[in-house]
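Report on the structure
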Amino acid sequence: MQKAAKRLKVSTQTVRSYIKRGIIKARKVGNRKLIETASIDNALSEVKSLKYKR
C-alpha cells in the first residue's frame, strides 16, 4: 500500500479510499492487500484528471 501511495503521490489513507471507491482494484491475501501495477497506472491517469477537473 505504501508503494502505491508513493507512486500516486498521495497518502496511504487516500489509497485505501480509492480501493473502497473502486478506483484501484486490490485483492486481499491474508492480512495484506495486493494491488496490481496496471491498476495503479489506470488510477494515476484518473487521479490526474480529478485534480484538474475542479
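Residues numbered from 1 in each chain as written. Predicted model: local features only at pLDDT ≥ 70, side-chain atom pairs only at ≥ 80, totals over all residues. Heavy atoms only, no water.

1. Points about the pairing of strand β1 (residues 26-29)
When β1 meets strand β2 (residues 32-35), the two strands line up antiparallel, connected through four bridges. Paired with Arg 27 across the strands is Leu 34, a residue of β2. Turn length for the β1-β2 hairpin, with the two strands adjacent in sequence and antiparallel, is two residues, and the turn residue Gly 30 shows positive phi of about 65°. (Pairing = 2+ DSSP bridges. Helix = DSSP H or I, 4+ residues; strand = E, 2+ residues; numbered from the N terminus.)

2. Focus on helix α2 (residues 12-21)
For α2, every residue scored as buried is listed here: Val 15, Tyr 18 and Ile 19. For α2, the angular spread of the buried residues around the axis is 100°, confining them to a single face. Across from the buried face of α2, at angles greater than 90 degrees, the exposed residues are Gln 13, Lys 20 and Arg 21. (Buried < 20%, exposed > 50% of the residue type's maximum accessible area, 1.4 Å probe, protein only. Arc of directions from axis to C-beta.)

3. Some words on the nonpolar core
Listed in full, the 12 residues of the largest apolar core are Ala 4, Ala 5, Leu 8, Val 10, Val 15, Tyr 18, Ile 19, Ile 23, Ile 24, Ile 35, Ile 40 and Ala 43. Secondary-structure elements contributing two or more residues to this core are α1 (2-8), α2 and α3 (37-53). (Core = buried A, V, L, I, M, F, W, Y, C linked by side-chain atoms within 4.5 Å.)

4. Here's the deal with the confidence of the model for the chain
On average, the chain scores 83 in pLDDT, and the residues at 70 or more come to 85%. Highest mean pLDDT in the chain belongs to β1 (92); lowest belongs to α3 (72). (pLDDT = per-residue confidence, 0-100.)

5. Observations regarding the pattern of salt bridges
Going through the model one piece at a time under the given rule, you end up with one salt bridge. Across the pair Arg 7 and Asp 41 runs a salt bridge, and its minimum N-O distance is 2.9 Å. Highlighted residues: Arg 7 in helix α1 and Asp 41 in helix α3, separated in sequence by 34 residues. Classification of Arg 7 by relative accessible area gives partly exposed; the value is 42%. (Salt bridge = Lys/Arg side-chain N within 4 Å of Asp/Glu carboxyl O.)

6. A few points about the environment of Gln 13
Residue position: Gln 13 is located in helix α2. C-alpha of Gln 13 to C-alpha of Met 1: the two residues are 12 residues apart in sequence and 9.3 Å apart in space. Within the structure, Gln 13 has its side chain in polar contact with the side chain of Arg 16 (distance 2.7 Å). (Polar contact = N/O pair within 3.5 Å; in protein donor to acceptor, adjacent residues only side chain to side chain.)

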